[in-house]
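Examining the three-dimensional arrangement
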Amino acid sequence: RKEVEQDPGPFNVPEGATVAFNCTYSNSASQSFFWYRQDCRKEPKLLMSVYSSGNEDGRFTAQLNRASQYISLLIRDSKLSDSATYLCVVNMYNQGGKLIFGQGTELSVKP
Amino acid sequence: DAGVIQSPRHEVTEMGQEVTLRCKPISGHNSLFWYRQTMMRGLELLIYFNNNVPIDDSGMPEDRFSAKMPNASFSTLKIQPSEPRDSAVYFCASRLTVGELFFGEGSRLTVL
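Quick summary incoming for the structure in this document. In this text, all values refer to a predicted model and were calculated from it rather than measured experimentally. (Residues numbered from 1 in each chain as written. Chains lettered and ligands numbered in written order. Predicted model: local features only at pLDDT ≥ 70, side-chain atom pairs only at ≥ 80, totals over all residues. Heavy atoms only, no water.)

Time to look at the overall build of chain A. Along its length, chain A carries 0 helices and 11 strands. Start at the N end of chain A and walk to the C end: the helices and strands fall as β-β-β-β-β-β-β-β-β-β-β. For 111 residues, the compact-globule estimate of 2.2 N^0.38 gives 13 Å, and the C-alpha radius of gyration of chain A, at 14 Å, lies within 12% of that figure. Counting only C-alpha atoms and orienting by the principal axes, one finds that chain A spans roughly 45 × 30 × 20 Å. Here chain A, with 111 residues, has 46% of them falling under the buried criterion. (Helix = DSSP H or I, 4+ residues; strand = E, 2+ residues; numbered from the N terminus. Rg over C-alpha atoms; globule rule 2.2 N^0.38 Å. Buried < 20%, exposed > 50% of the residue type's maximum accessible area, 1.4 Å probe, protein only.)

Here it is in structure tokens:
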């Protein structure tokens, strides 16, 4: 089983739609979590951190469920510019800060 | 401020040749990561260093792969001998302790 697993995608949605991605992790010792965004043929960049109480940044909401070992990303009012691959990331402090990425979920927002 | 700098950006080589990828992390960052990305396997962690010391190299696929970090401002990933299945984008990334991870633009390797 992979340490970090994501919805396979691709997700094809119309502009204005709400879309949600889920990610599960296998190591309960995992201690912090992030969502990264990767545009085609570019490097990944931090989208947002994920806090235990959930957090929001504009149209983006991230949530963490430690009991079930999953994190989620909700995008409201999708824009064409949201088209990208979204990567779930798990940080394990007890392994020297090892950062494990999920395979990513591709999102395509259509006019 | 300069970001993470990788070289070469693109390399095409023949099977059996040695490949050396280079990385200069952001000044002041004390952790450096090497990842490999392919369509089939996504972004795989190969090895990472804290304060120039390798912490976990369990992701290095074979003995053909080696990585060094002789000082805080430079790291190399070497493949010898290279094989077609090594074709991928290799990313170097750095961060300060547990802060945001910053990636370089990647080195796109094609082994014929």
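Residues and elements named next belong to chain B. This structure, assessed with the given rule, holds 11 aromatic pairs over all chains. Here F33 and Y48 contribute two aromatic rings whose centre-to-centre distance is 5.2 Å and whose plane-to-plane angle is 10°, an arrangement assigned as stacked. Residue F33 is found in strand β4 (residues 31-38), and its partner Y48 is found in strand β5 (residues 42-50); the two are separated by 15 residues along the sequence. Accessibility expressed as a relative area gives 0% for Y48, which makes it buried. Between Y35 and F103, the aromatic rings sit 5.7 Å apart at their centres with planes inclined by 40°, giving tilted as the arrangement. Placement of Y35 in strand β4 and of F103 in strand β10 (residues 102-103) is noted, with a sequence separation of 68 residues between them. Across the pair, F103 and Y35 agree in class, each one buried. (Phe/Tyr/Trp six-rings, centres within 6.5 Å; stacked < 30°, edge-to-face > 60°.)

Our focus in this paragraph is the state of the cysteines. Residues and elements named next belong to chain B. Summed over all chains, the structure comprises 2 disulfides over all chains. For C23, the disulfide goes to C92, at an S-S distance of 1.9 Å. Here the S-S torsion is close to -65°, and the disulfide linking C23 with C92 is therefore left-handed. Of the two residues, C23 is situated in strand β3 (residues 19-24) and C92 in strand β9 (residues 88-95); the sequence distance between them amounts to 69 residues. Classification of C23 by relative accessible area gives buried; the value is 2%. (Disulfide = S-S within 2.5 Å.)

Below, the discussion takes up the interface of chain A and chain B. How big an interface is tends to be stated in terms of accessible area lost as the parts join. Contact with chain A, which involves 17 residues of that partner, is made by 23 residues of chain B. A combined buried area of about 1600 Å² lies between chain A and chain B, and 50% of that area is made up of carbon and sulfur atoms. Where chain A meets chain B, there are 1 salt bridge. Between K98(A) and D56(B) there is a salt bridge, and its shortest N-O distance comes to 3.1 Å. Summed over the shared surface of chain A and chain B, the result is 7 residue pairs in polar contact (both at pLDDT 80 or more). Of all elements in the fold, only β4 (32-38) and β10 (98-101) of chain A reach the threshold of two or more residues within the side of chain A that touches chain B. Counting residues per element, the side of chain A that touches chain B draws most heavily on β10(A), which supplies 4 residues. Within the side of chain A that touches chain B, the residues separate by chemical class into 7 nonpolar, 6 polar and 4 charged. (Contact = heavy atoms within 4.5 Å. Buried area = accessible area lost by both parts, 1.4 Å probe. Salt bridge = Lys/Arg side-chain N within 4 Å of Asp/Glu carboxyl O. Polar contact = N/O pair within 3.5 Å; in protein donor to acceptor, adjacent residues only side chain to side chain. Nonpolar A, V, L, I, M, F, W, Y, C, P; charged D, E, K, R; others polar.)

What follows concerns the pairing of strand β7 (residues 65-71) of chain B. Both faces of the sheet carry side chains from a regular strand, because those side chains alternate between them. Residue and element names in this part refer to chain B. Two elements, β7 and strand β8 (residues 74-79), share 5 bridges in a ladder whose sense is antiparallel. Residue pairing for β8: K68 is matched across the bridge by T76. Connecting β7 to the next strand, β8, in antiparallel fashion are 2 residues. (Pairing = 2+ DSSP bridges.)

Residues and elements named next belong to chain B. Residue placement: E11 occurs in strand β2 (residues 10-13). Taking the C-alpha atoms as reference points, E11 and V111, separated by 100 residues in sequence, lie 8.3 Å from one another. Excluding residues within four positions of it along the chain, E11 makes contact with V19, R108, L109 and T110.

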